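In case you want the letters, here they are:
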Amino acid sequence: MTTSSRKLDHIRICLDNPVESEGAVARSFDDLVLVHKALPEIDEADIDTSCRFLGRKLSAPLMISAMTGGHPSVKEINVNLALAASELGIAMGVGSQRAALEEESLKDTFSAVRDAAPDIPIIGNIGAVQLKRSGPGILDQLAEMIDADAIAVHLNFLQESIQPEGDRDASGVVKVLGEAANGSVPIIVKETGAGISRETAASLADVGVKMIDVSGQGGLSWAGVETYRAAEIGDRELEEMGRLFWSWGIPTPVSIVECRSIGLDVISSGGIRSGLDVAKSLSLGASLAGTALPMLKPATKDAKTVVSAMSPYLRALRICMFLTGCRRAGELKGVPLVVLGRTREWLLARGYDLNEFSAYRELTK
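Residues numbered from 1 in each chain as written. Predicted model: local features only at pLDDT ≥ 70, side-chain atom pairs only at ≥ 80, totals over all residues. Heavy atoms only, no water.

Counting its secondary structure elements, the chain contains 16 helices and 12 strands. In terms of overall size, the chain behaves like a compact globule, its C-alpha atoms giving a radius of gyration of 19 Å where 365 residues would be expected to give roughly 21 Å. Expressed as lengths along the three principal axes of its C-alpha atoms, the size of the chain is roughly 60 × 40 × 40 Å. Across the 365 residues in the chain, those meeting the buried criterion constitute 57%. Residue pairs in contact within the chain that sit at least 24 positions apart in sequence constitute 77% of those at least 6 positions apart. Counting only carbon and sulfur atoms, one obtains 51% of the accessible surface of the chain, whose full area is about 14600 Å². Each charge sign in the chain was given a centre, from 38 positive and 47 negative side chains, and these centres are 3 Å apart. (Helix = DSSP H or I, 4+ residues; strand = E, 2+ residues; numbered from the N terminus. Rg over C-alpha atoms; globule rule 2.2 N^0.38 Å. Buried < 20%, exposed > 50% of the residue type's maximum accessible area, 1.4 Å probe, protein only. Contact = heavy atoms within 4.5 Å. Areas by Shrake-Rupley, 256 points an atom, 1.4 Å probe, with all protein chains shown as cover. Lys, Arg positive; Asp, Glu negative; His and termini not counted. Charge placed at Lys NZ, Arg CZ, Asp CG, Glu CD.)

What follows is the structure, encoded as structure tokens:
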């Protein structure tokens, strides 16, 4: 199967089937409670949600995360997402550009994004395995293809483990990420739904990586997506493996804490389903939050529908800021936050002192 055909499979499955994490592990953001400030002492009209990201101003610390590209049928999806992101003044990431490297005619399924959104941060995308094979020089080609402000190098070894045609050679990836991090194109190391641990974050920081998109467990499960694909081709063993590892990974809030404890700049993604989740992410120390799956179906219609789906995120973020007394989005890093349930158990088991967690601080073991 070609990379292009596989991308179309992924879109079809995500549109037609339940593909999110399941059970008690699914909504870790519900374990986080921002402490209400009954006397916010600010005028709601003075609230400013704007921030800077990759040298550009955003209306809010939000992005439409990487979804697709690489098949003629999905070009319109990317254009609708880009038009909506541009209208809202938020960032956007594209899906893996691998297919466009393999087939020249597919480049415009990605480059159309910059044409539709000339002024927002656009983040390109390539898999870590493809980067290792091609070498860091490929990043310049990827950035030029879409006039990208940065390239996300995605880690998807859980997906590759379940994918029928998966590539499971993860050797040498840290070395090439270090080479890439010291190149001319800014990179963001991005997981794809399983989160990044403190130990992995430390190894990335050691080689020069500065920004991580945690993409933690709690949103779309790529193991789940590949479960459907395995079932369709009759590979019962891989289907069984996909169901077993469907909800594998580090919950997004835990991953934010772990990566911030190393001092890295963090993007929160994986289960971001409202502006409340965005506010909680910022309180934990993330600088930005991204969402993908909830925008996919709207993007199959038109840009206006995407705007309608994303606008409540901005409204809820603003309300959270008002109810916690924050005039600027960055001030959310200082608001009190209560950690409950399974997320609390995770953090305690990983050695964090939650008695120190009355507001954003560098958490220490």
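Turning next to the pattern of salt bridges. Evaluation of the coordinates by the stated rule reveals 24 salt bridges. Between Arg12 and Asp9 there is a salt bridge whose closest N-O contact spans 3.1 Å. Of this pair, Arg12 and Asp9 are both found in helix H1 (residues 3-16), three residues apart, which corresponds to roughly one turn of the helix. The exposure class of Arg12 is partly exposed, given its relative accessible area of 33%. For Asp9, a relative accessible area of 14% translates into the label buried. Ionic pairing is found between Lys175 and Glu179, a salt bridge with its closest N-O pair at 2.7 Å. Note that Lys175 and Glu179 are positioned in helix H8 (residues 173-181) at a spacing of four residues, about one turn of the helix. (Salt bridge = Lys/Arg side-chain N within 4 Å of Asp/Glu carboxyl O.)

This brings us to the nonpolar core. Generally speaking, a soluble globular protein has its nonpolar side chains buried in company with each other. Ranked by internal contacts, the top residues of the largest apolar core, which has 96 residues, are Ile64, Leu81, Met92, Leu131, Leu139, Ile212 and Met310. The residues contacting Ile212, other than those within four sequence positions of it, are Ile188, Val189, Ile196, Ala201, Leu204, Cys259, Leu264, Asp265, Val266 and Ile267. Ala91, Ile188, Met211 and Ile267 belong to the second largest nonpolar core, which has 12 residues in total. (Core = buried A, V, L, I, M, F, W, Y, C linked by side-chain atoms within 4.5 Å.)

Bringing the pairing of strand E7 (residues 150-155) into the picture now. Most of E7 is tucked away, with six of its six residues classed as buried. On E7, burial covers both faces: Ala150, Ala152 and His154 on one face and Ile151, Val153 and Leu155 on the other are all buried. Inspection of the sheet shows strand E6 (residues 122-127) paired to E7 by five bridges, in the parallel sense. Bridging across to E7, Gly124 finds its partner in Ile151. Pairing of E7 with strand E8 (residues 187-191), which is carried by five bridges, proceeds in the parallel orientation. Bridged to His154 within E8 is Lys190. (Pairing = 2+ DSSP bridges.)

Right, let's get into unusual backbone geometry. Although it is not a glycine, Asp147 adopts a positive phi angle of roughly 50°. The residue Asp147 is located in the loop between helix H6 (138-146) and E7 in this model. Judged by its relative accessible area of 46%, Asp147 is partly exposed. You will see that Ser215, though not glycine, has its phi angle at about 35°, which is positive. Note that Ser215 resides in the loop between strand E9 (211-213) and helix H10 (222-232).

Here we come to the environment of Glu179. Glu179 sits in the partly exposed class, given a relative accessible area of 37%. Sequence spacing of Glu179 and Val209 is 30 residues, and the spatial spacing of their C-alpha atoms is 9.5 Å. Polar contacts involving the side chain of Glu179 include one to the side chain of Lys175, which spans 2.7 Å. (Polar contact = N/O pair within 3.5 Å; in protein donor to acceptor, adjacent residues only side chain to side chain.)

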